[in-house]
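# Coordinate inspection notes
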2 protein chains.
Amino acid sequence: MKYNFPVIKTTHPKEKPDPDTLRFGQIFTDHMFMMEYSPEQGWHNGRIQPYAPLQLDPAAAVFHYAQEMFEGLKAYKSKDGRVLLFRPDMNARRTTNTNERMCIPHIDEELFVEAIKAVVGVDREWIPSKKGTSLYVRPFIIADEPFLGVRPADHFLFMIILSPVGPYYEGGLAPTKIYVENEFVRATPGGTGAAKIGGNYAASLKSQEKAHESGYEQVLWLDGVERKYVEEIGTSNAFFKIGDEVVTAPLTGTILPGITRDSVINLLKQWGMKVSERRMTIDEVFEAGKSGKLVEMFATGTAAVISPVGELSWKGEKVTINNGEIGELSQKLYDELYGLQIGEVEDKLGWTVEV
Amino acid sequence: MKYNFPVIKTTHPKEKPDPDTLRFGQIFTDHMFMMEYSPEQGWHNGRIQPYAPLQLDPAAAVFHYAQEMFEGLKAYKSKDGRVLLFRPDMNARRTTNTNERMCIPHIDEELFVEAIKAVVGVDREWIPSKKGTSLYVRPFIIADEPFLGVRPADHFLFMIILSPVGPYYEGGLAPTKIYVENEFVRATPGGTGAAKIGGNYAASLKSQEKAHESGYEQVLWLDGVERKYVEEIGTSNAFFKIGDEVVTAPLTGTILPGITRDSVINLLKQWGMKVSERRMTIDEVFEAGKSGKLVEMFATGTAAVISPVGELSWKGEKVTINNGEIGELSQKLYDELYGLQIGEVEDKLGWTVEV
């Protein structure tokens, strides 16, 4: 390892949660990683310390101007006792791109991955091993400089916190009902849709609230300019299996470059399937839905891995997909990806990294 | 007063700054207002207490999902010793609209204004009286509930902090150089452009950095769909005097409904001038610039009040406005608004509120 982070161990270890009642992102482990940035020292003082509240000035830029970013990945314990991360280099790369867009100082990608390994290593006893559970890893950066006035901050904190989690959706791999969002827009060219930042998620809350009030789990976002091309599902990437072609939106700046998205594309190609990263209109999706050509639809993301869609609603019309059941491809992708992540499927591509 | 907030006074009052060296948003007063929200109690426990760091869990939603909003206004000390706020009811109203968009629980508008009056009253000795200085008032709300997972939070903090400030632009009322932003977009229909939230400002930082690197103070934003209609200048509203008509972008959801913007429109109408809230293309602006019809251009905002634009650049072309000097109307608007704010112009419209 190139980096060596000092560890200050907690003197008050917490009780570990019951793996049967784990939810998502409610409980945090004993330790966290923290590193500071100043113009004079750059990123410095990386260390692991007890999980504890932050003390921040009320004028800290993050509270006012949301100069912040985050990442998400999971650590799994394999049956033979290894601790595995899934493609953490992709999180490091995306952090570089997000930071560039958000005027946050670059973090060396090797340091980023080593910091994750170090803190997960310290709290490895917190990784649950029950099927469907994992240790969710949340790296994030906030501007902690206290000032008012719009400009990039000069001082930042980079932190990694860890949360033992159950399945993201309580119901497991059950198909969701979603509707097409016509009122609100997630991202637009020239905006921040490809960056993993708080502001994108804050802007999406209203739409999610509307979906829940109407009895839907999530929304399908359309592009912000023509309002006709399908982009993402909630906070996940969207895939459509139309006949033999699997379609997902291309990475043109409004789409989050999901790591599960990239993995799914890779697997499908490896399996000899036709995958198209292309713009597709909601009209095309609905026509395919009505004619029976839309055989599967699913969302991909770190939290849920694969989340099948069973019903899609748009302007009062509904299409049911695969009889509202989990599709064959969705299940196969989930099994393969989850199997890779927990070390039960042979990792031919070198995607898993041992802590 | 309908509300009565307890006051916990500081035992360690800070030294007040030299009014000659005041900058913007660097120094904070002795006290702050704080109130909490929970689903069980609603907004509760409003109080004034010593200015001090916040203790927040690293998983607090504001750090990850930027569920946050802010407002800004100024308190002035008049020559006859009164403390004046300028249209605080407009900040309260805008807070209501922002909260609605951001899934933040509604705050009673009367409470909002009374909280400002109360905390400004406690720290009234901090209001500087030198010309061009004021006490900047920053109400803001953050989601402080600790959890990971995208949903509206259940717990919030509403705070008001105060900062004695000098002029926003160091150079005073000097015309700025701005360029037309073709790459980045500030807002789009269906997005959050009309809400006063951190995410909008975070998204604009890159563009501001680019402007500064190119020798410009700010950018002129174009609309996100057709990329041809002028919208705002940096973090301010934009006004163009073309011949006898004063034009500003209409409030169609992508424009921040500025309080200075509204005040300027009111004053111009009162003065019998032609004011149009209409969409205008950058082509029209440049043609007017080249033919000499663009006689003045200025930005409006709480921090700078009126900020004249002396040069506008677009795709390699430049137009100089009013020979790069402060225009007659810009100066008149500044004098009138600033005069009203400090209590030296008779307040016929009841815009000022005494603390």
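Residues numbered from 1 in each chain as written. Chains lettered and ligands numbered in written order. Predicted model: local features only at pLDDT ≥ 70, side-chain atom pairs only at ≥ 80, totals over all residues. Heavy atoms only, no water.

### Re the environment of Arg82(A)
Residues and elements named next belong to chain A. Along the chain, Arg82 turns up in the loop between β5 (73–77) and β6 (83–86). Given the relative accessible area of 27%, Arg82 is considered partly exposed. Dropping the residues within four chain positions of it, Arg82 is found in contact with Tyr76, Lys77, Gly343 and Glu354. Reaching out from Arg82, the side chain makes a polar contact with the side chain of Asp80 at a distance of 3.2 Å. (Helix = DSSP H or I, 4+ residues; strand = E, 2+ residues; numbered from the N terminus. Buried < 20%, exposed > 50% of the residue type's maximum accessible area, 1.4 Å probe, protein only. Contact = heavy atoms within 4.5 Å. Polar contact = N/O pair within 3.5 Å; in protein donor to acceptor, adjacent residues only side chain to side chain.)

### Overview of the pairing of strand β8 (residues 156–165) of chain A
Residues and elements named next belong to chain A. The element β8 is largely enclosed, with a buried count of 10 among its 10 residues. Because side chains alternate across β8, one face comprises the buried residues Phe156, Phe158, Ile160, Leu162 and Pro164, and the other comprises Leu157, Met159, Ile161, Ser163 and Val165, equally buried. Pairing of strand β1 (residues 31–38) with β8, which is carried by five bridges, proceeds in the antiparallel orientation. Bridged to Phe33 within β8 is Ile160. (Pairing = 2+ DSSP bridges.)

### Looking at unusual backbone geometry
Residues and elements named next belong to chain B. The backbone of Lys315 sits at a positive phi, close to 50 degrees, despite the residue not being glycine. Here Lys315 shows up in the loop between β16 (305–314) and β17 (317–320). We note that Asn322 has phi near 50 degrees; this positive angle belongs to a residue other than glycine. Examined against the element boundaries, Asn322 turns out to sit in the loop between β17 and α7 (328–341).

### Looking at the UniProt feature "modified residue: N6-(pyridoxal phosphate)lysine" (unreviewed entry) in chain A
All names here are of chain A. Mapped onto this numbering, the UniProt entry gives "modified residue: N6-(pyridoxal phosphate)lysine" (unreviewed entry) at Lys196. On the secondary structure map, Lys196 appears in the loop between β9 (176–181) and α4 (198–213). Those residues in contact with Lys196, other than ones at most four positions away along the chain, are Met69, Phe70, Glu71, Gly72, Arg94, Thr98, Tyr201 and Leu256. (UniProt positions renumbered as here; feature names shortened; annotations may be inferred.)

### Comments concerning the packing of aromatic side chains
One pass over the full model with this rule turns up 37 aromatic pairs over all chains. Ring centres 4.9 Å apart and planes at 80 degrees place the aromatic pair Phe5(B) and Phe33(B) in the edge-to-face group. Residue Phe5(B) is found in the segment before β1 (31–38), and its partner Phe33(B) is found in strand β1; the two are separated by 28 residues along the sequence. Take Phe5(B) and Phe33(B): they sit in the same class, and that class is buried. On the numbers, 5.5 Å between centres and 5 degrees between planes, the contact of Phe28(B) with Tyr51(B) is stacked. On the criterion of sequence distance, the pair formed by Phe28(B) in the segment before β1 and Tyr51(B) in the loop between β2 (42–50) and β3 (54–56) is long-range, its members being 23 residues apart. Of the two residues, Phe28(B) and Tyr51(B), both sit in the buried class. Here a set of aromatic residues connected by ring pairs shows up, and it is made of Tyr3(A), Phe5(A), Phe33(A), Tyr37(A), Trp43(A), Phe112(A), Phe156(A) and Phe158(A). Here the basic side chain of Lys332(A) rests over the ring of Trp271(A), its NZ or CZ set 4.1 Å away from the ring centre. (Phe/Tyr/Trp six-rings, centres within 6.5 Å; stacked < 30°, edge-to-face > 60°. Lys NZ or Arg CZ within 6 Å of the ring centre and 35° of its normal.)

### Points about the relation of the copies chain B and chain A
When chain B is fitted to chain A, the best match, at an RMSD of 0.0 Å, comes from turning it 180 degrees and sliding it 0.0 Å along the axis. The superposition of one copy onto the other is thereby described by a two-fold rotation axis. In terms of proximity to the rotation axis, the leading residue of chain B is Gly199(B), whose C-alpha is 2.0 Å off the axis. Looking at the interface residues of chain B, 100% of them are also at the interface in chain A, so both copies use one shared face. (Least-squares fit on C-alpha atoms with pLDDT ≥ 70 in both.)

### Looking at the pattern of salt bridges
All names here are of chain B. Evaluated as defined, the whole model comprises 44 salt bridges over all chains. Residue Lys206 pairs with Glu209 through a salt bridge whose shortest N-O separation is 3.5 Å. Pair noted here: Lys206 and Glu209 are both in helix α4 (residues 198–213), with a separation of three residues, about one helical turn. A relative accessible area of 27% means that Glu209 is categorised as partly exposed. Across the pair Arg278 and Glu245 runs a salt bridge whose closest N-O atoms are separated by 3.1 Å. On the criterion of sequence distance, the pair formed by Arg278 in the loop between β14 (274–277) and α6 (282–291) and Glu245 in strand β13 (residues 245–248) is long-range, its members being 33 residues apart. (Salt bridge = Lys/Arg side-chain N within 4 Å of Asp/Glu carboxyl O.)

### A short note on the nonpolar core
Ranked by size, the top nonpolar core spans 80 residues in total, and within it Phe158(A) and Phe158(B) carry the most contacts. Setting aside chain neighbours within four positions, we find Phe158(A) in contact with Phe33(A), Met34(A), Met35(A), Trp43(A), Ile107(A), Leu111(A), Phe112(A), Pro139(A), Phe140(A) and Ile141(A). Judged by nonpolar contacts, the second largest core, of 54 residues, contains Met32(A), Phe70(A), Cys103(A) and Ile161(A). (Core = buried A, V, L, I, M, F, W, Y, C linked by side-chain atoms within 4.5 Å.)

### Examining empty space enclosed by the protein
This model, assessed by the stated rule, comprises 11 cavities of 30 Å³ or more. Taken as a whole, the largest cavity spans an internal volume of roughly 300 Å³. Together, 22 residues line the largest cavity, and Arg186(A), Thr192(A), Asn200(A), Arg186(B) and Thr192(B) are the ones closest to its centre. Of all the elements in the fold, those that place two or more residues in the lining of the largest cavity are α4 of chain A together with α4 of chain B. Class assignment of the residues belonging to the lining of the largest cavity gives a composition of eight nonpolar, 12 polar and two charged. (1 Å grid on protein atoms, 1.4 Å probe; cavity = no way out; pocket = protein on both sides within 12 Å on 5 of 7 lines; lining within 4 Å. Points joined across faces, edges and corners; volume = space filled by probe spheres on them. Nonpolar A, V, L, I, M, F, W, Y, C, P; charged D, E, K, R; others polar.)

### Overview of the domain arrangement of chain A
All names here are of chain A. Splitting chain A by domain gives domain 1 (19–166) and domain 2 (176–341). The gap between the C-alpha centroids of domain 1 and domain 2 is 27 Å. On the domain 2 side, the residues contacting the 22 residues of domain 1 number 21 residues. For the pairing of domain 1 and domain 2, the buried interface totals around 1900 Å² over both sides, and the portion due to carbon and sulfur atoms is 62%. Ranking the residues of domain 1 by area buried against domain 2 places Phe70, Phe86 and Arg94 at the top, with a combined share of 34%. Our count for the contact surface shared by domain 1 and domain 2 stands at one salt bridge. The interface formed by domain 1 and domain 2 includes 11 residue pairs in polar contact (both at pLDDT 80 or more). Those elements that place two or more of their residues in the side of domain 1 that touches domain 2 are β4 (68–70), β5, β6 and α2 (88–102). Looking at the side of domain 1 that touches domain 2, the element that brings in the most residues is α2, giving six residues. Per-class residue counts for the side of domain 1 that touches domain 2 are 10 nonpolar, five polar and seven charged. (Domains from an automatic or database assignment. Buried area = accessible area lost by both parts, 1.4 Å probe.)

### Details of the side chain of Arg47(B)
All names here are of chain B. If you trace the backbone, Arg47 turns up in strand β2. One polar contact links Arg47 to Glu36, side chain to side chain, over a distance of 2.6 Å. Among residues more than four places away in sequence, those in contact with Arg47 are Phe5, Pro6, Met32, Phe33, Met34, Met35 and Glu36.

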